[in-house]
Amino acid sequence: MVLHVLMLSRFHYSGVMSHVLSLAAGLSRMGVKAVVIITHCPSSYQEQLRRYQQHFPCFAESRPENILRLGRHYRVDLLHLHDLSLARTAQRILQTLRIPCVATLHEELSPAVNLSLLPGLAYLITPYPAARGIPPGLRHKLVFIPEGVDLESYRPAPKEGFKVTFIGEEGGFTAEGATAFLKAAGLADLELELICPQPLPLLKGRYHGWLLNSSAVLAGSQLVVGRYRGLLEGMACGNAALVLGRSYRGLFNPSPHAPGLPFPELSGEGEEPPCYRSIFFDLSSLLKDRALLESMQEQGRKFVQENCDLRFVAEQTYRLYRHAAGR
């Protein structure tokens, strides 16, 4: 029997959007009937969302009554909630349709979120194992499934020069951190590809705004700078990776992270503000040492292939759905 799943999220200028859309595509290829609804979607992105209709039903809709109507129309068997701030809307769907729920925790659980609003919550997925703020009574429902990257869409391409892609998620970095990175990149005379909701003062490079799919930009760069999913997509495209969030964590070395070992910390969280000297040192090391750069690029792609292949992640998620839905 075909499983019908409603995937619900608020719009974010972050990797959450790429995660939801790519997971829906991966599940659809497996035969799951995935329906994606994005609330609070800016008008400038609504046409981009409509393009996903060729792969699965995808809607920009914020009104709870219309979301419920879509759930009824597609006869969904399960709700996958990707933004816990929508718990009250999810509660209405769950109580009316009487279906189970799976939720993904993309960031630290906010104390303002009341998970008791979600009747039938079967599992709480975390794509990064360092989940914080989980009430003791819910820890038995916590499941780690890494984010999946489509390795056919995100793949290496011939690269010219030394372009660096900086992925600045909304709320994922500080103004001081951006200034430190831009200063380091300027000292190294690097060409930047900036993927960010708001422009930053580039000395050399291009500003792309926020992209729902950044594969074309990442395929042409040598190095990706950012955190979480942006790093995974960058490594899939043959980039070395620097971890920069609210703090700077340096060059990500994927070689020690064989399958089965603890998943690495890619949040860029920390108390110490980023220092341009540390960033400049790492940029210079990669610029001067071609062998190191190519090794990091090859190992990064291999890491994503072994740990974050969308095909395997979709299979894991599907098994969880079936268990939650009693299939």
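Since we're looking at a predicted model, the values are computed, not measured. (Residues numbered from 1 in each chain as written. Predicted model: local features only at pLDDT ≥ 70, side-chain atom pairs only at ≥ 80, totals over all residues. Heavy atoms only, no water.)

(A) Fine view of the nonpolar core. With 57 residues, the main nonpolar core has Met-7, Val-36, Leu-232 and Leu-266 as its most contacted residues. Looking at this core element by element, the count peaks at eight residues for helix 1 (residues 15–29). Residues contacting Leu-266, with those up to four places away along its chain left out, are Tyr-128, Arg-227, Tyr-228, Leu-231, Leu-232, Val-243 and Phe-252. Val-76, Ile-93, Ile-99 and Leu-109 belong to the second largest nonpolar core, which has 28 residues in total. (Core = buried A, V, L, I, M, F, W, Y, C linked by side-chain atoms within 4.5 Å. Buried < 20%, exposed > 50% of the residue type's maximum accessible area, 1.4 Å probe, protein only. Helix = DSSP H or I, 4+ residues; strand = E, 2+ residues; numbered from the N terminus. Contact = heavy atoms within 4.5 Å.)

(B) Quick peek at helix 7 (residues 228–236). Of all the nine residues making up helix 7, nine are buried; the element is thus mostly covered by neighbouring parts of the structure. Those residues of helix 7 that fall on the buried side of the exposure criterion are Tyr-228, Arg-229, Gly-230, Leu-231, Leu-232, Glu-233, Gly-234, Met-235 and Ala-236. Buried-residue contacts for helix 7 involve helix 1, strand 8 (163–167), helix 6 (215–219), strand 11 (223–226), strand 12 (240–244) and helix 9 (290–307). A positive phi of about 80 degrees marks Gly-238, the residue just after helix 7.

(C) Representation of the packing of helix 3 (residues 64–73) against helix 4 (residues 87–97) within the structure. At their nearest, the axes of helix 3 and helix 4 sit 10 Å apart, and the two run at 40 degrees to each other. Between helix 3 and helix 4, the interaxial angle falls into the category oblique. Both helix 3 and helix 4 take part in a crossing whose hand is right-handed. Within the contact between the two elements, helix 3 uses Pro-64, Glu-65, Ile-67, Leu-68, Gly-71 and Arg-72 and helix 4 uses Thr-89, Arg-92, Ile-93, Thr-96 and Leu-97. (Axes fitted to C-alpha atoms, helices over the stretch in contact; angles between N-to-C directions. Parallel < 35°, antiparallel > 145°, perpendicular 65-115°, else oblique. Left-handed = near helix turned anticlockwise from the far one by under 90°.)

(D) Quick look at the packing of aromatic side chains. Per the counting criterion, the structure on display carries 12 aromatic pairs. Aromatic pair Tyr-13 and Tyr-45: ring centres 5.9 Å apart, planes at 75 degrees, arrangement edge-to-face. Placement of the pair is Tyr-13 in the loop between strand 1 (4–10) and helix 1 and Tyr-45 in helix 2 (residues 43–50), with a sequence separation of 32 residues. Ring centres 4.4 Å apart and planes at 35 degrees place the aromatic pair Tyr-128 and Tyr-228 in the tilted group. On the criterion of sequence distance, the pair formed by Tyr-128 in the loop between strand 6 (121–126) and strand 7 (142–144) and Tyr-228 in helix 7 is long-range, its members being 100 residues apart. (Phe/Tyr/Trp six-rings, centres within 6.5 Å; stacked < 30°, edge-to-face > 60°.)

(E) Quick look at the pattern of salt bridges. One pass over the structure, following the stated rule, counts 14 salt bridges. With its nearest N and O atoms 3.1 Å apart, the salt bridge here joins Glu-47 to Arg-50. Taken as a pair, Glu-47 and Arg-50 lie in helix 2 at a separation of three residues, close to a single helical turn. Given the relative accessible area of 40%, Glu-47 is considered partly exposed. Look at Arg-50 and you get partly exposed, because its relative accessible area is 46%. Lys-163 is paired through a salt bridge with Glu-193; the nearest N and O atoms lie 3.7 Å apart. Of this pair, Lys-163 sits in strand 8 while Glu-193 sits in strand 9 (residues 191–195), and the two are 30 residues apart along the sequence. With a relative accessible area of 23%, Lys-163 lands in the partly exposed category. One salt-bridge network, in which partners are shared between bridges, spans Glu-147, Arg-229 and Glu-233. (Salt bridge = Lys/Arg side-chain N within 4 Å of Asp/Glu carboxyl O.)

(F) A look at the environment of Phe-11. When you line up the elements, Phe-11 lands in the loop between strand 1 and helix 1. Exposure remark for Phe-11: the relative accessible area of 7% places this residue in the buried category. Excluding anything up to four places from it in sequence, Phe-11 contacts Met-17, Ile-38, Thr-39, His-40, Cys-41, Pro-42, Tyr-45 and Leu-212.

(G) Structural context of the sheet that holds strand 7. Spatially, the seven strands line up as an open sheet ordered 3-2-1-4-5-6-7, and their pairing is parallel. One side of each edge strand has no neighbouring strand; the edge strands of this open sheet are strand 3 (58–60) and strand 7. This sheet shows a mean twist of 20 degrees between the axes of neighbouring strands, independent of strand direction. Sheet topology places strand 1 next to strand 4 (residues 78–81); four bridges connect them, and they run parallel. Note on strand 4: the bridge partner recorded for Val-5 is Leu-78. Contacts between helix 3 and the sheet are confined to strand 1, strand 2 (33–39) and strand 3, with strand 2 contributing the most and set at about 175 degrees to the helix. The sheet contacts of helix 10 (residues 310–324) involve strand 1, strand 4, strand 5 (101–104), strand 6 and strand 7, and relative to strand 6 the element is tilted by about 160 degrees. (Pairing = 2+ DSSP bridges.)

That's the geometry; what it means functionally is another story.
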